[in-house]
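Notes for the structure review
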Amino acid sequence: MKTTRIPHRSMYYGTPVALVCTQNSDGSENLTPMSSSWSLRDFVVLGLGCASQAMENLRHRPRLTVNLPSADMWESIERIAVFTGKNPVPDHKATHFSYCRDKFEAAGLTRLTSTEGGPSRVAECPIQIEAVVNTVTDVSDNPEGFSVIIAKAVAMHAAVGILDETSGQIDPVK
């Protein structure tokens, strides 16, 4: 196989999309689609833009839900991919994003109360993780920078249809 060197500014190689729900200062919620995450044991690791509304929320209210959508939810996710929870829209986002106060409504998704007192879960998502921020590492603080968040899962929920009937664990094939 022949290869060629490519620029390495951004490289997305297929990590699943997640919908992260955080709480705004006025008690409303911000739903953020993102694709930089992984898990290990009972921790989730997320990468969010330093200047994002989700990151601002987590710095002040360190509870979140990480909702893992099924592939058939792509249209709902695309409907909110053009929105930001920041009002006014920051200059560095103004050409590509517009403000949306209620992304649940814009996406046609349903809020489901969390069991541990954090932000809402997305009812349509087959996997929902309620978590509390453990550590935040800022890689850069400019608008194009990002933060790495390590959060501890305090509750995990899964649709019955994706569980193995014998073990009760998530069946990756389903």
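Above this text you will find the structure in question.
Described in the following lines is the structure provided in the data block. (Residues numbered from 1 in each chain as written. Predicted model: local features only at pLDDT ≥ 70, side-chain atom pairs only at ≥ 80, totals over all residues. Heavy atoms only, no water.)

Turning our eyes to something else, we now look at the overall build of the protein chain. Summing up its helical and strand segments, the protein chain has three helices and 11 strands in all. When the helices and strands of the protein chain are placed in sequence order, the string is β-β-β-β-α-β-α-β-β-α-β-β-β-β. Taken over the C-alpha trace, the protein chain has a radius of gyration of 17 Å; the compact-globule value for 174 residues is 16 Å, and the two agree within 12%. Across its three principal axes, the protein chain shows a C-alpha extent of roughly 55 × 50 × 30 Å. Classification of the 174 residues of the protein chain by burial places 37% in the buried group. Counting only contacts in the protein chain whose residues sit at least 6 apart along the sequence, the fraction spanning at least 24 positions is 55%. Accessible area of the protein chain: about 10,500 Å², with a carbon and sulfur share of 55%. Side chains of the protein chain carry 16 positive and 19 negative charges; the gap between the two charge centres is 6 Å. (Helix = DSSP H or I, 4+ residues; strand = E, 2+ residues; numbered from the N terminus. Rg over C-alpha atoms; globule rule 2.2 N^0.38 Å. Buried < 20%, exposed > 50% of the residue type's maximum accessible area, 1.4 Å probe, protein only. Contact = heavy atoms within 4.5 Å. Areas by Shrake-Rupley, 256 points an atom, 1.4 Å probe, with all protein chains shown as cover. Lys, Arg positive; Asp, Glu negative; His and termini not counted. Charge placed at Lys NZ, Arg CZ, Asp CG, Glu CD.)

So, about the pairing of strand 3 (residues 37-40). Remember that side chains alternate between the two faces of the sheet whenever the strand is regular. Two elements, strand 3 and strand 4 (residues 43-49), share four bridges in a ladder whose sense is antiparallel. What sits directly across from Trp38, in strand 4, is Val45. Linkage of strand 3 to strand 4, two consecutive antiparallel strands, is achieved through a turn of two residues, within which Arg41 is found at a positive phi near 50°. (Pairing = 2+ DSSP bridges.)

Residues lying three or four places apart along an α-helix face the same way, a consequence of the helix completing one turn every 3.6 residues. Among all positions of helix 1 (residues 53-60), only Gln53, Ala54, Met55, Asn57 and Leu58 are buried. As for helix 1, its buried residues are in contact with strand 1 (18-23), strand 2 (29-34), strand 4, strand 5 (63-68), strand 10 (127-138) and strand 11 (146-158).

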